[in-house]
Amino acid sequence: MIHIKTAEEITAMRQTCRLAAETLLMIASHVAHGITTQELNDICHDFIVSQGAIPSPLNYRGFPKSICTSVNQQVCHGIPGKRILKTGDIVNIDITTCLNGFHGDTSKTFHVGKPSPKGIKICQVAKACLDAGIRAVTPGARLGDIGNAIEQVALANHCSVVREYCGHGIGRDFHEEPAVLHYGRPHTGTPLQPGMIFTIEPMINLGKAEIRHLPDGWTVVTRDHSLSAQFEHTILVTENGFEVLTSLDDEYRN
Ligand code: MF3
Ligand code: CO
Ligand code: CO
């Protein structure tokens, strides 16, 4: 069942989503050659806790850290640790906060130091995919329209969409219905309704779409070792279209 949020729940979701976005903005200035992913984790953890919230990933289904950090060919769910970032790397930082019982979820892929040409390309395409998915949230649209919009942008840029992971409803639970696929056919799937809140978070590969899992039980990597990038926002469906709850500026005003 898809939970349609009440006005009170939407107010709470705006607050937790703002905190998640502020955490992502705060950590951006720490992403540099020589920092470890564990240090990024600890800075985010302390910031989130200082704001009276809890990092949702910590102990979620046994996940051992407070954020996900996915480097280069890592697709998602990378575990922070001793790895030292170096110039030319790309790193996705995925932040989920739980504030007053409500979750907000957002991620971005950053360049470390001087960007590489392939890193620039995959980050640009992945961001364009997210934006196309968001702009497909219009009155009368269905979930398949979001997936199709994303897939079209990826294919036009000779990139591929990871199929095993998807966006998700979010609220009192980290992962709720519906599943928001990042591929699909137009005019298919669940109709969008004002008051729905879900994430859109396409994982886009420079090479083939196939993935594998590392022995740590969490980290997802591209099977062909190609670079992968991801951007994620939490979206409220409104009467007129959408509100991007995890955006701090007017980039997505509609
Ligand atoms: N934040 C991720 C998402 O976008 C989920 C991470 S689950 C974890 O849905 F356990 F790896 F943290
Ligand atoms: Co998510
Ligand atoms: Co996330």
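Presented here is an overview of the structure given in this document. No experiment lies behind these values; they were computed from the predicted model shown.

Conventions used here
- The residue count restarts for each chain, going from 1 along the sequence in the order it is written.
- Working convention: letters from A go to chains and numbers from 1 go to ligands, in the order in which they are written.
- Totals for whole chains, interfaces and linings use every residue, but because this is a predicted model, local features are given only for residues with pLDDT of at least 70 and side-chain atom pairs only at 80 or more, for both listing and counting.
- Values reported for side chains reflect all heavy atoms of the structure, with hydrogen atoms and water molecules removed beforehand.
- Note that water is not among the atoms used; donors are N, O and S atoms within 2.8 Å of the metal (3.2 Å for Na, K and Ca), so sites may look incomplete.
- A four-donor site is classed as tetrahedral when every donor-metal-donor angle falls between 85 and 135 degrees; four donors are called square planar, and six octahedral, when trans pairs exceed 155 degrees and all remaining angles lie between 65 and 115, with any other arrangement labelled irregular.
- Helical segments are the DSSP runs of H or I of at least four residues, strand segments are the runs of E of at least two, and each set is numbered from the N terminus.
- A 1.4 Å probe rolled over the protein chains alone gives each residue an accessible area, and that area as a share of the maximum for its type sets the label: buried under 20%, exposed over 50%, partly exposed in between.
- Each residue is tested against the molecule or strand, and it is near if at least one of its non-hydrogen atoms lies within 4 Å.
- Polar contact is the term for a pair of N or O atoms within 3.5 Å; when the atoms are in protein, one must be able to donate a hydrogen and the other to accept it, and sequence-neighboring residues count only if both atoms are side-chain atoms.
- Per-residue and other accessible areas follow the Shrake-Rupley method at a 1.4 Å probe size, with only the shown protein chains counted as cover for residues.
- Any residue outside Ala, Val, Leu, Ile, Met, Phe, Trp, Tyr, Cys, Pro, Asp, Glu, Lys and Arg is labelled polar, Gly included; the first ten of those are nonpolar and the last four are charged.

**Details of the coordination of the cobalt ion (ligand 3)**
Then, in step 1: Every protein donor of the cobalt ion (ligand 3) is accounted for by Asp 94 (OD), Asp 94 (OD), Asp 105 (OD) and Glu 232 (OE), and the metal-donor separations fall at 2.1 to 2.4 Å.
Then, in step 2: One can describe the site at the cobalt ion (ligand 3) as irregular: its six donor atoms subtend angles covering 58 to 165° at the metal.
Then, in step 3: In primary-sequence terms, the residues that donate to the cobalt ion (ligand 3) follow D-x10-D-x126-E.
Then, in step 4: Between the cobalt ion (ligand 3) and the cobalt ion (ligand 2), both coordinated by Asp 105, there is a metal-metal distance of 3.3 Å. Separated by 138 residues along the polypeptide, Asp 94 in strand β4 (residues 90–99) and Glu 232 in the loop between β13 (228–230) and β14 (233–237) bring together distant segments of the chain. A single burial state applies to Asp 94 and to Glu 232, both of which are buried.

**Some remarks on the site of ligand 1**
Then, in step 1: Lining the immediate surroundings of ligand 1 are 14 residues, of which Asp 105, His 168, His 175, Glu 201 and Glu 232 lie closest.
Then, in step 2: Residue Glu 232 places a side-chain N or O atom 3.0 Å away from an oxygen atom belonging to ligand 1.
Then, in step 3: For ligand 1, whose unbound accessible area comes to 340 Å², protein coverage reaches 96%.
Then, in step 4: Taken together, the residues that form the shell around ligand 1 break down as six nonpolar, four polar and four charged.

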